[in-house]
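# Fold and contact review
Listed below are the residues making up each chain.
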Amino acid sequence: MTDRVERVASSLLGSAPSKTPSVRALSSYASHSDCATASLAFAARADLDRMCTGTDYESPIGQDPQAFQRGQTFEAMLKGNGYGALLDLLREEASFPPTAVRIEDLRTRYPRGTGGLKLRARETRRLLQAIANGEDEAPNLIDGAVITGNVAGEVAYYEADSLAAIAGGKLHVGEIKSFAYTDGRCDPEKFGAACDQAAWYILLCRRALQDMGLDPHVVSDEAFIILPVGVGLTPTLLRQNIAGKIRRAQTLLETAPDPAELLALHGPDLQFPGKELDPQARLDVLERLLDAVGTTYRPDSCLRDCGLAQLCRARAHDRSLPQLCGSQVLRNLPGVGTLGRAAELAAGAAPGIGEDHAARALRQASTVYDRVLAGGAL
């Protein structure tokens, strides 16, 4: 991080709780990159999940303890007995070689903490170079790779929570998740999030290879998503081409917000609330910040993974915003500022600039609704 960026980011963060950069945080930001407050928090490394702690707007953000335990158990089963279950799966589903397995377990080789991450990052670069150069002793399975990336002016260490594997002459990024795959289906939101995280790892691996003057396309567009079948722990591997998600991650990385630009845009006194403040004082500071910066509230994504979601929901309710009804309704109300205005248009009010499309749809829906209430046919 440059001195200028560090100085500005520190000014924005103040004594507020901070968040360690991770691929999970990058994926979360990708879902909220059109929200000015989320962009500001991302640039300052502010942890929005802890901003409302102790208030009426505290959100239950974070992994369920039972799900976390299940994930640990599933991963341990895959990697137990010399990675036996994982290797069998890769051989069955991904043309992994039956012999000459060369595993590099960086996760247990180095100590925990920042020092260990730096050592693992250096070793990961060496291993990626060996793979890209086709060296005979290059690994075909890496567990616990750590990749560095410069995001919003900061060089951070991103720890792969799964592995990377060679199959068909390509390096594939794998994500091990514990949500169930049943009857050929799984939770689409969780699966999408797993693919988002894999996309970031692929992008970061490619950028590392480019920095070394090597071919980034050694890393495949295809991710390996490894899930348990049903409620048991029998694993299955889903191969997913995520080229589109990789391109989106590239765009977001190139346009990541500059803290200095955000500070210049919103004023030098802008700052997230310090953790030493009592809950009400923190809320007061947050309200002023949200008023100054603005938010983009969407129930379907914000309630899933943003710590300010409950506060933004209450603010949207106070302002009678159409966002309260969800993205599908919002798409059908272009140009309509409030639900009250939508009711006026449905009742026949003359549409203003940009309200024509919504007005026609609302009047039609109102006519059908009135007819049904009167006992008539549709």
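What comes next is a walk through the structure. (Residues numbered from 1 in each chain as written. Predicted model: local features only at pLDDT ≥ 70, side-chain atom pairs only at ≥ 80, totals over all residues. Heavy atoms only, no water.)

Moving on: the nonpolar core. By size, the foremost hydrophobic cluster in this structure holds 49 residues, and its most contacted members are Ile 131, Leu 171, Trp 200, Ile 225 and Ile 242. Sorting the residues of this core by element identifies helix H2 (23-31), helix H6 (114-132), strand S4 (154-159), strand S5 (163-167), strand S6 (170-176), helix H7 (188-211), strand S7 (222-228) and helix H8 (243-254) as the ones contributing at least two each. When residues of this core are assigned to their parent elements, the largest contribution, 13 residues, is made by H7. In contact with Ile 225, not counting residues within four places along its chain, are Glu 175, Phe 191, Ala 194, Cys 195, Thr 236, Leu 237 and Leu 238. By size, the runner-up hydrophobic cluster in this structure holds 26 residues, among which are Val 8, Cys 52, Phe 272 and Leu 311. (Core = buried A, V, L, I, M, F, W, Y, C linked by side-chain atoms within 4.5 Å. Buried < 20%, exposed > 50% of the residue type's maximum accessible area, 1.4 Å probe, protein only. Helix = DSSP H or I, 4+ residues; strand = E, 2+ residues; numbered from the N terminus. Contact = heavy atoms within 4.5 Å.)

Turning to the pattern of salt bridges, a few remarks are in order. A full pass over the atoms with the stated rule returns 23 salt bridges. Here Glu 222 and Arg 239 are joined by a salt bridge, their closest N and O atoms 2.9 Å apart. Taken together, the residues Glu 222 in strand S7 and Arg 239 in strand S8 (residues 235-241) connect sequence positions 17 residues apart. Residue classification places Arg 239 among the partly exposed positions, given a relative accessible area of 40%. Salt-bridge contacts for Arg 341 lead to Glu 355; the nearest nitrogen and oxygen are separated by 2.8 Å. Pair noted here: Arg 341 is in helix H14 (residues 339-346) and Glu 355 is in the loop between H14 and helix H15 (356-373), with a separation of 14 residues, a long-range link. Judged by relative accessible area, which is 8%, Glu 355 ranks as buried. Taken together, the salt bridges that share partners define one network made up of Glu 75, Lys 79, Arg 107, Arg 120, Asp 143 and Glu 159. (Salt bridge = Lys/Arg side-chain N within 4 Å of Asp/Glu carboxyl O.)

Below, the discussion takes up the packing of aromatic side chains. Within a pair of aromatic rings, the relevant descriptors are the distance that separates the centres and the angle that separates the planes. This structure, assessed with the given rule, holds 1 aromatic pair. Between Tyr 29 and Phe 42, the ring centres sit 4.1 Å apart and the planes meet at 5 degrees, which makes this aromatic pair stacked. Residue Tyr 29 is located in helix H2, and its partner Phe 42 is located in helix H3 (residues 36-44); the two are separated by 13 residues in the primary sequence. Both residues of the pair, Tyr 29 and Phe 42, count as buried. (Phe/Tyr/Trp six-rings, centres within 6.5 Å; stacked < 30°, edge-to-face > 60°.)

Over its 24 residues, H7 extends 35 Å from the first C-alpha to the last, a length consistent with the 34 Å expected when each residue adds 1.5 Å. N-capping of H7 is provided by Asp 187, with a side-chain oxygen placed 2.9 Å from the backbone N of Glu 189. (Expected span 1.5 Å × (residues − 1). Polar contact = N/O pair within 3.5 Å; in protein donor to acceptor, adjacent residues only side chain to side chain.)

Its 30 residues give helix H4 (residues 65-94) an end-to-end C-alpha distance of only 32 Å, which falls more than 12% under 44 Å, the value for a rise of 1.5 Å per residue. Maximal helix bending in H4 amounts to about 120 degrees, located at Gly 82. Every buried residue belonging to H4 is among Gly 71, Phe 74, Glu 75, Leu 78, Lys 79, Tyr 83, Leu 86, Leu 87, Leu 89, Leu 90 and Ala 94, and all of these are buried. Where H4 terminates, the next one or two residues include Ser 95, which has phi positive at roughly 55 degrees. (Bend = angle between axes of the 7 residues up to and from the residue.)

These figures come from the coordinates and say nothing about function on their own.
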